[in-house]
Amino acid sequence: MTSQEETIAQVKRANERFYRAFETLDITNMAAVWVQAERAKCVHPGWSLLSGWEAIRQSWEAIFANTEYMRFVITEVAVHLYGRVAWVTCVENLSDAPDTLQMAGILATNVYEQTGDEWRIVHHHASPVMHPGAAMGEADPEFLN
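Residues numbered from 1 in each chain as written. Predicted model: local features only at pLDDT ≥ 70, side-chain atom pairs only at ≥ 80, totals over all residues. Heavy atoms only, no water.

K.L.:
Sorry, what's going on with the packing of aromatic side chains here?
P.N.:
Think of a pair of aromatic rings as described by two things: how far the centres are apart, and how the planes are tilted against each other in angle. Evaluation of the coordinates by the stated rule reveals 10 aromatic pairs. With a centroid separation of 4.7 Å and an interplanar angle of 80 degrees, the aromatic rings of Phe22 and Trp60 are classed as edge-to-face. Separated by 38 residues along the polypeptide, Phe22 in helix α1 (residues 4-24) and Trp60 in helix α3 (residues 53-65) bring together distant segments of the chain. A relative accessible area of 0% means that Trp60 is categorised as buried. (Phe/Tyr/Trp six-rings, centres within 6.5 Å; stacked < 30°, edge-to-face > 60°. Helix = DSSP H or I, 4+ residues; strand = E, 2+ residues; numbered from the N terminus. Buried < 20%, exposed > 50% of the residue type's maximum accessible area, 1.4 Å probe, protein only.)

Structure, rendered in structure tokens:
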């Protein structure tokens, strides 16, 4: 039986595999980390909800076809477990050029399902950070309702 700490480490590694697959810009690598079923869901920043692996696969193919470079520094990682399901919240610090330090901040929630000994992503939702500090949960009074 796996301890909770070991399971959290496995989920963190699955999350890292997802972002490394993203960086390769290769659909085969991305397919290897996803649950390929109708229950899979994905929301890219600014996109509508995609349902089912086929729609998600097509979205990754379109993104990869129109992207030359992508590197992530993932921060603020928090893992939550619930049986054979886990979700990770994190900040994607994204660079789209090899020689730049400028990064876009994107908030993400990734949901994983345990299948045998593997954790695969079944839901990805990413939203851009619109102002500094928002990624860290700091409220800006100017933006509060």
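K.L.:
How do you make sense of the layout of surface pockets when you look at a structure like this?
P.N.:
Empty space left among the atoms is revealed by rolling a probe the size of a water molecule over them. Taken as a whole, the largest pocket holds about 250 Å³ of empty space. Along its surface, the largest pocket is lined by 18 residues, and Phe22, Pro45, Met70, Leu94 and Ile106 are the ones closest to its centre. Going through the elements one at a time, α3, β4 (85-95), β5 (104-115) and β6 (118-128) are the ones with two or more residues in the lining of the largest pocket. Broken down by element, the residue count for the lining of the largest pocket peaks at three residues, all from β4. (1 Å grid on protein atoms, 1.4 Å probe; cavity = no way out; pocket = protein on both sides within 12 Å on 5 of 7 lines; lining within 4 Å. Points joined across faces, edges and corners; volume = space filled by probe spheres on them.)

K.L.:
For this particular structure, what's the right way to read the confidence of the model for the chain?
P.N.:
If pLDDT is low for a region, its predicted coordinates should not be looked at in detail. For the chain, per-residue confidence averages 90 on the pLDDT scale, and residues scoring 70 or more make up 89% of the total. Counted against residues more than four places away or in other chains, residues 140-145, with its pLDDT under 50, gives three contacts. (pLDDT = per-residue confidence, 0-100. Contact = heavy atoms within 4.5 Å.)

K.L.:
Is there a simple way to think about the pattern of salt bridges in this case?
P.N.:
Two side chains carrying opposite charge are able to pair once their charged atoms lie near each other. Under the counting rule described, the total for this entry stands at five salt bridges. For Glu113, the salt bridge is made with Arg39, and the minimal N-O distance between the two is 2.9 Å. In this pair, Glu113 is assigned in strand β5 and Arg39 in the loop between α2 (27-31) and β1 (41-43), connecting sequence segments 74 residues apart. Judged by relative accessible area, Glu113 falls into the buried class, the value being 18%. The network of salt bridges with shared partners includes Glu54, Arg57 and Glu61. (Salt bridge = Lys/Arg side-chain N within 4 Å of Asp/Glu carboxyl O.)

K.L.:
What exactly am I supposed to notice about the sheet that holds β4 here?
P.N.:
Sheets are built from strands that pair by backbone hydrogen bonding, the pairs being arranged parallel or antiparallel. Spatial ordering of the open sheet is given by β2-β1-β6-β5-β4-β3, a layout of six strands whose pairing is mixed. Every interior strand has two partners, whereas the edge strands, β2 (50-51) and β3 (71-82), have only one. Bridge count for β3 against β4 is 10 bridges, and the pairing is antiparallel. Within β4, the position partnered with Val79 by the bridge is Val88. (Pairing = 2+ DSSP bridges.)

K.L.:
Would you mind showing me how to read α3 here?
P.N.:
Note: α-helices contain 3.6 residues per turn, so residues at a spacing of three or four share the same orientation. Between its first and last C-alpha, α3 extends 18 Å over 13 residues, near the 18 Å set by a 1.5 Å rise per residue. Along α3, the residues that are buried comprise Trp53, Ile56, Ser59, Trp60, Ile63 and Phe64. Seen along its axis, α3 keeps its buried residues to an arc of 130 degrees; they face one direction. For α3, the elements touching its buried residues are α1, α2, β1, β2 and β6. (Expected span 1.5 Å × (residues − 1). Arc of directions from axis to C-beta.)

K.L.:
How do you make sense of the nonpolar core when you look at a structure like this?
P.N.:
Within soluble globular proteins, side chains that are nonpolar tend to cluster in buried spots. Membership of the largest hydrophobic core comes to 36 residues, with the highest contact counts inside it found for Phe18, Phe22, Met30, Trp34, Ile56, Trp60 and Tyr112. Among the elements that make up this core, the one with the highest residue count is α1 (six residues). Contact partners of Phe22, with chain neighbours within four places excluded, come to Met30, Trp60, Ile63, Phe64, Met70 and Phe72. (Core = buried A, V, L, I, M, F, W, Y, C linked by side-chain atoms within 4.5 Å.)

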